[in-house]
Amino acid sequence: MATWRRLLLRSLSFSRWSSIYTRRFYGSSSSKFDLVVIGGGSGGLACSKEAADLGRRVAVLDFVKPSAHGTKWGLGGTCVNVGCIPKKLMHQAAGLGHALVDARSFGWEVPEAVGFSWKRLTAGVQDYIKSLNWGYRVQLKDKKVEYLNAYGTLVDKHTVKAVNAKGKEQILTADNIVIAVGGRPHIPEIPGALEHAITSDDIFWKSEPPGKTLCIGGSYIALETAGILTGLGFDTTVMVRSICLRNFDQQMSRLVTDHMKREGTRFLWKSNPLKIEKRSNGRLLVTYSDIEGSNHQEEFDTVIMATGRRASTKSLELESVGVELLSGKVIGGFENDNEKSSVPNIYAIGDVLHGGLELTPVAIKAGKLLAHRLFGEEKRQMDYSKVPTTVFTPLEYGCVGLSEQDALLKYGEDFLEIYHAFYKPLEFTLPGRDAAECYIKVICHRHKPQQVLGIHLTGPNAGEIIQGFAVALRCKLSFAQLVQTVGIHPTSAEELVKLRITKRSGLDPTVTGC
C-alpha cells in the first residue's frame, strides 16, 4: 500500500509541475527574452546554448510538421532525425554487407546465406535518434534555455507568436531573433507524386522494407539513399534528368555513379517522371519519358523523390516585417555581418541563409559565432569558403576547396596544375575488389608556391581522410608542403602525399606499387 501511495503522490506532483509548465509556456502573458531562436536543428540549438552560456535569457521554438505521409520526429532538426545520422548508420549497415563477403578472403568462414532484417536495423536507428532527441532537451534544460514545442511566426521585428499542437498561443518578445528552421524536401508537381511518393523525411522511418525502389533525382541525397538500398540488397534504380551532384566536381561525380552501377544500382539517364499511379496490387506504376521523348512504364514498391529541398520560411511572416528573401531563403550580409538580415535584429543561420552552405557543421559553427557576436566580445564572422564535405555513397567522395570546373572558370587552364592518381586500397587486394574508381585529384596554382585550391578523393573512408587535409588547406597549404609530408603506410591517405603526375603531362596516373 505504501508503494501505491508513493506512486500516487509522485503522479500528483508531476501533474502539478506539468500544469505549471503549461501555464508558464502557453499562458496569455508575454515573455521577454534576449534571444528567440525559431528552429531546433543543429544550428539553432548551437546558437541558443552558446548564448545561454554567455548569460542571456534564451528561448527555442521547434515544431515539426508531419510529412505528406505522416512522418514526424523530435528535437534536433533534419540532420539528427532524417539526415546525416540515420544516413550514416545505414551507410555503415550496407558497408557491413560488403565486409561479410570480403571476410571470406581474409580467412573468415562466413555462411553463404546471411540474413538481413530491415525492421531490426530501423528499430536500432530510431531508438538511437530518440535518445538524441531526449539528450537535446536535457541540454537545453541544464543551460536554462526555454524550449517550446511550438510553431513560431513573426508578429513584428521583436515579437514572435508561438502556437503549440493544441492551438494554444504565447507571445514572446526578444531583442534578437534567429531564423534557423532549415528546409524540407521539394516534391515537384507530377501527378501522383504527393500522394504516392515518399522523401528522405520518410525512408529512414519506414517500418516495412522498401522493396524495389526508384529514387528520382541526381542529388547527393538520391545517390546516398540508392547506394544504401542497393547495399542492403534491394533492387534500386536512380532516375536522373540531367547530371548527378551538380555542385560537385563532375569528374568525381562520374566516378561515383560508375562505381554505383558496378555495385548493382541501375541508372535511367536523361529521364523525366510523368505520372505515378497506385495499382490494385499495391505497387506504384511510374510513367516516364527518355531523352528521345519516348514514354515507358515500370512498377516499383517504393518511389523516393530526391529532387531538392526548399527553405521552410513560407509561413513565418518574414517578409511582412521587412526581411528580404530570395527563393525562400533569407538574404544575409547586411552591415557586413554574414548572417544579419535586412532587419537589423533578425538573423538567419543554416539552410535558410541565402548563399550559405547546407551542411550541419556549417550551421553549428555559424550559430556559435553569431551568439558570440551578439552577446560576447568576439566578433569573428563565419567563413563559408574551404568547407569540407563528403558524399556517403558506397565509394565515398570527400572534397574541400574548388572543383576542377570552378577552378578553370576562375583562373584558366594556363594558371592551373592538377595532380592526380588512381590507386588501389590495400583492403581491396585479397577479395579482388575493383578499384577502378578510387581516385585522387589535387588542384593547384601552376606557379610557385603552387597553393592548393582543391582536394578531391574517392575511396573508402574518404570523409575521415579529407578532414585533416581540410585543416591544411585553410592554412594555405602548398603542393610542396603536401608532398614533403611523410605518409602513413599502408593507408589510402598516404597516396595524397605521393602525388607526382599532372594531367598536363598526359602520363598514366595509375599507382603501381609502394
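Let me sum up the structure you'll find in this document. (Residues numbered from 1 in each chain as written. Predicted model: local features only at pLDDT ≥ 70, side-chain atom pairs only at ≥ 80, totals over all residues. Heavy atoms only, no water.)

### Details of the sheet that holds strand β20 (residues 397-401)
Alright, step 1. Strands sit in the order β19-β20-β23-β22-β21 across an open sheet of five strands; the sheet is antiparallel. Strands at the two margins of the open sheet, each flanked by one partner only, are β19 (389-391) and β21 (416-422). Adjacent strand axes in the sheet meet at a mean angle of 10°, parallel and antiparallel pairs treated alike.
Alright, step 2. Where β19 and β20 come together, three bridges link them in antiparallel fashion. The residue of β20 that forms the bridge with T390 is G398. (Pairing = 2+ DSSP bridges. Helix = DSSP H or I, 4+ residues; strand = E, 2+ residues; numbered from the N terminus. Axes fitted to C-alpha atoms, helices over the stretch in contact; angles between N-to-C directions.)

### What about helix α2 (residues 42-53)?
Alright, step 1. In this model, α2 (twelve residues) spans 17 Å end to end at C-alpha, consistent with the 16 Å of a helix rising 1.5 Å per residue.
Alright, step 2. The element α2 is largely enclosed, with a buried count of eleven among its twelve residues.
Alright, step 3. Buried residues of α2: S42, G43, G44, L45, A46, C47, S48, K49, E50, A51 and A52, and no others.
Alright, step 4. Packing partners of the buried residues in α2 comprise β1 (31-38), β2 (58-61), α3 (77-82), α5 (118-142), β6 (169-179) and α10 (360-375). (Expected span 1.5 Å × (residues − 1). Buried < 20%, exposed > 50% of the residue type's maximum accessible area, 1.4 Å probe, protein only. Contact = heavy atoms within 4.5 Å.)

### Some points on the pattern of salt bridges
Alright, step 1. For the structure shown, the criterion picks out 28 salt bridges.
Alright, step 2. With a shortest N-O distance of 2.9 Å, K32 and D175 are connected by a salt bridge. Of this pair, K32 sits in strand β1 while D175 sits in strand β6, and the two are 143 residues apart along the sequence.
Alright, step 3. In this structure K32 comes out as partly exposed when scored by relative accessible area, which is 44%.
Alright, step 4. D175 gets classed as partly exposed once you look at its relative accessible area, which sits at 34%.
Alright, step 5. When the shortest N-O distance is used, the salt bridge between R380 and E378 registers 2.7 Å. (Salt bridge = Lys/Arg side-chain N within 4 Å of Asp/Glu carboxyl O.)

### A short note on the sheet that holds strand β12 (residues 284-289)
Alright, step 1. Strand order across the open sheet formed by three strands is β11-β12-β13, with antiparallel pairing between neighbours. Strands at the two margins of the open sheet, each flanked by one partner only, are β11 (272-278) and β13 (295-300). Within this sheet the neighbouring strands show an average axis-to-axis angle of 25°, counted without direction.
Alright, step 2. In terms of strand pairing, β11 meets β12 through six bridges, oriented antiparallel. For I276, the partnering residue across the bridge sits in β12 and is V286.

### A few points about the packing of aromatic side chains
Alright, step 1. Summed over the entire model, instances satisfying the criterion amount to six aromatic pairs.
Alright, step 2. Ring centres 5.7 Å apart and planes at 85° place the aromatic pair W118 and F234 in the edge-to-face group. Of this pair, W118 sits in helix α5 while F234 sits in the loop between α8 (220-231) and β9 (236-239), and the two are 116 residues apart along the sequence. The pair formed by W118 and F234 is uniform in burial state, with each residue classed as buried.
Alright, step 3. Sitting above the plane of the F33 ring, R57 keeps its charged end 4.1 Å from the centroid. (Phe/Tyr/Trp six-rings, centres within 6.5 Å; stacked < 30°, edge-to-face > 60°. Lys NZ or Arg CZ within 6 Å of the ring centre and 35° of its normal.)

### Some thoughts on a nonpolar patch on the surface
Alright, step 1. Together, F106, W108 and L430 make up an exposed nonpolar region whose accessible area comes to about 390 Å².
Alright, step 2. Its location among the elements puts W108 in the loop between α4 (84-103) and α5. (Patch = residues over 30% accessible without salt bridge, like charges linked within 9 Å, V, L, I, M, F, W, Y side chains within 5 Å. Areas by Shrake-Rupley, 256 points an atom, 1.4 Å probe, with all protein chains shown as cover.)

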